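Per-entry structural report
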Amino acid sequence: MAKTTEEDMNQLEKDIRQLKIEYEQYFGGGKKRPPTELEWRIDVTMKRYSDRGSQMNFAQRFRYSNLAQMYTKYREIFRKRMKQKEEGSVQRHFGAAAREIENLRKQKQGAESASDASQSFPFAISCQDPDHEKKKVEDLYAAFRHAKEQAGEDTGRLTLEAFQQFVRQKTGDLKKQQSAREVEFIVTVEGNHARLKARVKS
C-alpha cells in the first residue's frame with residue numbers, strides 16, 4: 001500500500017533527525033562508518049518530492065521546504081566535520097591549544113543549538129479529544145522530543161505511548177476543572193531545558 005504524502009513527510013523528518021544523531025555518534029567514535037544508507041534514503045525521498053512539487057498542497061510544500069532547509073543545513077555541518085576528520089585537523093594540535101579549540105567548537109555548537117531552538121519553538125497545538133486527534137499528539141511528541149534533544153536532555157525514557165497517555169489525562173483534567181472545550185499544549189526550550197505546558201484555550 002502506497003504511503004500518503006503526510007506519512008512520507010513524517011518519515012522524512014524522523015530520518016533527518018536520526019541522521020543527525022547517527023552522524024554525531026560517528027564523529028564521537030561510537031560508530032565506525034557514517035550513516036550513508038540513511039542519507040541515500042533521504043536523498044531519494046527529497047528528489048521524489050522535489051520533482052512533484054506541483055502535486056502538493058500549500059501546507060505540504062511549506063513543510064517540505066522546511067525539511068529541505070534543515071537537511072541542507074545539517075549536510076553542510078556534516079561535510080565540514082567530515083573534512084576535518086579526514087584531514088585530522090584537530091589531532092594536530094596539542095595541550096592548551098587543543099583544549100582552546102575544543103572549547104571554541106563547543107561554544108559554536110551551543111550557539112547553533114540555541115539558534116535552532118529559537119527558530120523551531122515555541123510549538124503549539126490545541127486538543128479537544130486526543131484519542132481522535134492522534135496526528136496532533138504525534139506532532140506534539142515529535143516537537144517535545146526534538147526540544148529535549150536540542151536542550152541536551154535524555155530522551156531514552158520518552159515513549160509515544162506514555163506521552164499519549166499524559167496528554168489524554170492532562171486534557172481530561174483541565175477540561176473538567178475549568179469546563180473548557182479545548183486545551184492548548186506548548187513546547188518551548190528555556191535555557192537548557194525543554195518545557196511542555198498545558199493551558200485551557202480561551
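Let me begin by describing the structure that accompanies this report. Bear in mind that the values here come from a model prediction, so they are computed numbers and not experimental data.

Note: strand S2 (residues 183-190) against strand S3 (residues 193-200), 8 bridges, orientation antiparallel. Bridge pairing in S3 links Phe185 to Ala198. Linkage of S2 to S3, two consecutive antiparallel strands, is achieved through a turn of 2 residues, within which Gly191 is found at a positive phi near 65°.

Within the secondary structure, Ala198 sits in strand S3. When its relative accessible area of 27% is taken as the criterion, Ala198 is described as partly exposed. C-alpha of Ala198 to C-alpha of Phe185: the two residues are 13 residues apart in sequence and 4.5 Å apart in space. Setting aside residues no more than four positions away along its own chain, Ala198 makes contact with Lys170, Leu174, Val183, Glu184 and Phe185.

Moving on: the nonpolar core. Of all hydrophobic cores here, the largest spans 19 residues; its most connected members are Met9, Leu12, Ile16, Leu19, Tyr23, Ile42 and Met46. Listed by contribution, the elements that provide at least two residues to this core are helix H1 (5-27), helix H2 (36-51) and helix H3 (58-87). Once you skip the residues sitting within four places of it in the chain, Met46 turns out to touch Leu12, Ile16, Tyr64, Leu67, Ala68 and Tyr71.

A separate point is the side chain of Arg17. As for its placement among the helices and strands, Arg17 is situated in helix H1. Of note is the side chain of Arg17, whose polar atom sits 3.3 Å from the side chain of His146. In contact with Arg17, not counting residues within four places along its chain, are Met70, Tyr74, His146 and Glu149.

Let us look at the packing of H1 against helix H5 (residues 134-150). Between H1 and H5, whose axes approach to 13 Å, the crossing angle comes to 15°. By the angle between their directions, the pair H1 and H5 is classed as roughly parallel. At the point where H1 passes H5, the crossing takes the left-handed sense. For the pair H1 and H5, contact is made by Glu6, Asn10, Arg17 and Ile21 and by Lys135, Asp139, His146 and Glu149, respectively. Along the lines of polarity and charge, the residues of the contact of H1 with H5 split into 1 nonpolar, 2 polar and 5 charged.

A complete count under the given rule lists 7 aromatic pairs for this structure. A centroid spacing of 5.4 Å and a plane angle of 55° characterise the contact between Tyr26 and Phe27, whose relative ring orientation is tilted. In this structure Tyr26 comes out as buried when scored by relative accessible area, which is 10%. A relative accessible area of 16% places Phe27 in the buried class. The structure contains a cluster of three or more aromatic residues connected by ring pairs, namely Tyr23, Tyr26, Phe27, Tyr74 and Phe78.

Definitions and cut-offs
- Residues numbered from 1 in each chain as written.
- Predicted model: local features only at pLDDT ≥ 70, side-chain atom pairs only at ≥ 80, totals over all residues.
- Heavy atoms only, no water.
- Pairing = 2+ DSSP bridges.
- Helix = DSSP H or I, 4+ residues; strand = E, 2+ residues; numbered from the N terminus.
- Buried < 20%, exposed > 50% of the residue type's maximum accessible area, 1.4 Å probe, protein only.
- Contact = heavy atoms within 4.5 Å.
- Core = buried A, V, L, I, M, F, W, Y, C linked by side-chain atoms within 4.5 Å.
- Polar contact = N/O pair within 3.5 Å; in protein donor to acceptor, adjacent residues only side chain to side chain.
- Axes fitted to C-alpha atoms, helices over the stretch in contact; angles between N-to-C directions.
- Parallel < 35°, antiparallel > 145°, perpendicular 65-115°, else oblique.
- Left-handed = near helix turned anticlockwise from the far one by under 90°.
- Nonpolar A, V, L, I, M, F, W, Y, C, P; charged D, E, K, R; others polar.
- Phe/Tyr/Trp six-rings, centres within 6.5 Å; stacked < 30°, edge-to-face > 60°.

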